Amino acid sequence: MKFIIINGPNLNMLGQREPGIYGSESLEAVLQRLRDRYAPKGIQIDIFQSNHEGALIDRLQQAWREGCDGIVLNAGAYTHTSVALHDAIRAIAPIPVVEVHISNVHQREAFRHTSLISAACSGVICGFGTDSYRLGIEALAQMHES
């Protein structure tokens, strides 16, 4: 199986940006830990991060063209603003997309309580720190076993 983890704006700053909310582990360390965990299980994990909305849309469409088996998407702040990402997720169906967030967005500012992409996703995981990515991969793997 081939999954891709797509990360949106400011996630390249993970480990440095507000460690009280997002933790002190770098994005590279999180993703390497996931690759090490899932490679022996035959799951290939590709990664992509961009601060640009159009690049995220391009990568979603590329994943569809490549025949990707599932996507873990942390769209960052675009979660709350992007109809374009919502439409891109719908356009690549039937690839399952799991929306993830490191923090529990429902315990934060009110503007973070609304996701414009959730309705297009297969599921949502939030509030488990960087372990949200692992839970997203587990959810995708479970979907493929069913």
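Residues numbered from 1 in each chain as written. Predicted model: local features only at pLDDT ≥ 70, side-chain atom pairs only at ≥ 80, totals over all residues. Heavy atoms only, no water.

Observations regarding the packing of helix H3 (residues 53–66) against helix H4 (residues 83–91)
Put simply, H3 and H4 touch, their axes get as near as 9 Å, and they point 5° apart. Here H3 is positioned roughly parallel relative to H4, judged by the angle of their axes. Facing H3, whose interface residues are Glu53, Leu56, Ile57 and Leu60, H4 presents Ala84, Leu85, Ala88 and Ile89. Of the residues assigned to the contact of H3 with H4, the class counts are 7 nonpolar, no polar and 1 charged. (Axes fitted to C-alpha atoms, helices over the stretch in contact; angles between N-to-C directions. Helix = DSSP H or I, 4+ residues; strand = E, 2+ residues; numbered from the N terminus. Parallel < 35°, antiparallel > 145°, perpendicular 65-115°, else oblique. Contact = heavy atoms within 4.5 Å. Nonpolar A, V, L, I, M, F, W, Y, C, P; charged D, E, K, R; others polar.)

A few points about the sheet that holds strand S2 (residues 44–49)
Think of a sheet as strands paired side by side through backbone hydrogen bonds, with each pair either parallel or antiparallel. Strands sit in the order S2-S1-S3-S4-S5 across an open sheet of 5 strands; the sheet is parallel. Looking at strand neighbours, the two that pair on one side only are S2 and strand S5 (123–126), the edges of this open sheet. This sheet shows a mean twist of 20° between the axes of neighbouring strands, independent of strand direction. When strand S3 (residues 70–74) meets strand S4 (residues 97–101), the two strands line up parallel, connected through 3 bridges. (Pairing = 2+ DSSP bridges.)

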